[in-house]
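# Structure at a glance
Single-letter residue listing:
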Amino acid sequence: MAANPMHQFKVHTIGPEIEISGVNLSFTNASLFMTISGVLIIALLLLGTREKKLIPSKAQLLSEMLYNFIAKMISDTAGKKAKPFFPFIFSLFVFILFCNMVGMLPYSFTVTSHIIVTLTFAIFIFIGVTILGFIMHGFKYLKIFVPSGVPLVLLPIISIIEIISYLSRPISLSVRLFANMMAGHTMLKVFGGFVISLGLIGGWLPLTFSVALTGLEILVAFLQAYVFAILTCIYLNDALNLHH
Amino acid sequence: MKKYFIVFTLSLLMSERLIGAEAGMPQLDPKYWASQAFWLILIFLTIYLLIAKIFIPKIKGNIDTREDKMRKDLEEAKTFREEAEKKLKLYEELIKKAKLESKKIISNSRQKLNEDIQSKKESVQKQIEQEILKAEKEIKKFKLDSIHKVGSISENIVSDLLIDIFGEDGNKSSIKATVSEVVKQRVTKI
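What this report covers is the structure whose coordinates are included nearby. Keep in mind the model is a prediction, meaning the values are calculated, not measured.

The next point concerns the interface of chain A and chain B. Facing the 58 residues of chain A at the interface are 41 residues of chain B. Here chain A packs against chain B, burying approximately 4500 Å² in sum over the two surfaces, 77% of which is carbon and sulfur. The three residues of chain A that bury the most area against chain B are A:Thr49, A:Tyr67 and A:Ile116, which together make up 13% of that side's buried surface. At the surface where chain A touches chain B, the tally comes to 1 salt bridge. The interface formed by chain A and chain B holds 7 residue pairs in polar contact (both at pLDDT 80 or more) in total. If you list the elements that add at least two residues to the side of chain A that touches chain B, you get β2 (23-24), α1 (29-50), α2 (58-77), α3 (86-103), α4 (115-137), α6 (169-202) and α7 (204-240) of chain A. Here the side of chain A that touches chain B takes 11 residues from α1(A), the largest share from any one element. Its residues assigned to classes, the side of chain A that touches chain B shows 33 nonpolar, 18 polar and 7 charged.

Spelled out as structure tokens, the structure:
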């Protein structure tokens, strides 16, 4: 097991194989850890909203801090119009954060280290934002590809670049999160393997490194959830307030 | 390191043969993609609905009630302070008035007292003067009386002396005249 750092990303079914019209929808360890993250989120929020205290308990303080944090993030990046999307951004941030953090526990599985998971989110956001843009602005939404104040000569090139960058949004969004999580966990595993293979005498150096990396990975876990959420806010802002 | 991974995965994604799975990246094995996406959508939707319908309104309610309470308390405190300031002003005015009044009372009573003292002094003075006058009168009367008495006594003494010396009584009227003359001279001298 120590030999292959990619082994931790292996998906396997738990329980019976479920196949609906030829598509494998079995409950896997990935699904299990998604469920665990979900249950943890619900548990925290349940604890946080159980009592209506004027002076909040720890769980209540935590949920209220989360609320204020995300509310501030949305109002800072996307403005007032993004208010209806607050629950979505909140759920997105909390879900990714919890998946990342649960993944930091030893022997657990990191849901967000799978490209399909992040890509599902990214494609959903991409399609949603595009539809929203067309609903809000009609065909004027295409102005997003034509920045104002650009010389006419450069306009075709700029527009092509803008279109490419727009279309690559879901890929950049999903790969950023997925690659960060995968790289971090692979590195942790590699250094963990070094500790074993170098033994009692030489293993201290990679162990120190491993501890430091764990701290870094916790930071990355939070940061990537934040980045994912804030980029979603920025895309929403593009669709809601056409600045170009 | 991470950039390398991004480039690596991108290149893998673009190749249609998905050699990644064979190269050891379980993420690129499409066997469980549908399952993962399905469960993700299911679980995320559940979380989203719970958060949107239950938790966010609750948290928002909590925060709003707290802010409301704080605002109300602050307003209440403000009104209390204003009231206290009003009361303080009232109190200061009262004290000012009271001070003025007491000053007035003090000056009034002082004046009254002074007048009283003055009038009493005057009355006492008058009384004293009257007494003096009375006494003077009495003294005068006594003087006169005593002169008379001295006169008669002197006459008696003179007549007694005349009897003792000469053996006979002198002329009463001449004695009286002489004595009165002498008494007049002596008494007026005194």
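Here the narrative resumes, following the displayed structure.
Of note, A:Asn24 is situated in strand β2. At 2.4 Å, the side chain of A:Asn24 and the side chain of A:Ser26 are in polar contact. Dropping the residues within four chain positions of it, A:Asn24 is found in contact with A:Glu17, A:Ile18, A:Glu19, B:Lys31, B:Tyr32, B:Ala34 and B:Ser35.

Reading the values: rules and limits
- Residues numbered from 1 in each chain as written.
- Chains lettered and ligands numbered in written order.
- Predicted model: local features only at pLDDT ≥ 70, side-chain atom pairs only at ≥ 80, totals over all residues.
- Heavy atoms only, no water.
- Contact = heavy atoms within 4.5 Å.
- Buried area = accessible area lost by both parts, 1.4 Å probe.
- Salt bridge = Lys/Arg side-chain N within 4 Å of Asp/Glu carboxyl O.
- Polar contact = N/O pair within 3.5 Å; in protein donor to acceptor, adjacent residues only side chain to side chain.
- Helix = DSSP H or I, 4+ residues; strand = E, 2+ residues; numbered from the N terminus.
- Nonpolar A, V, L, I, M, F, W, Y, C, P; charged D, E, K, R; others polar.

Just geometry here; none of it tells us what the structure is for.
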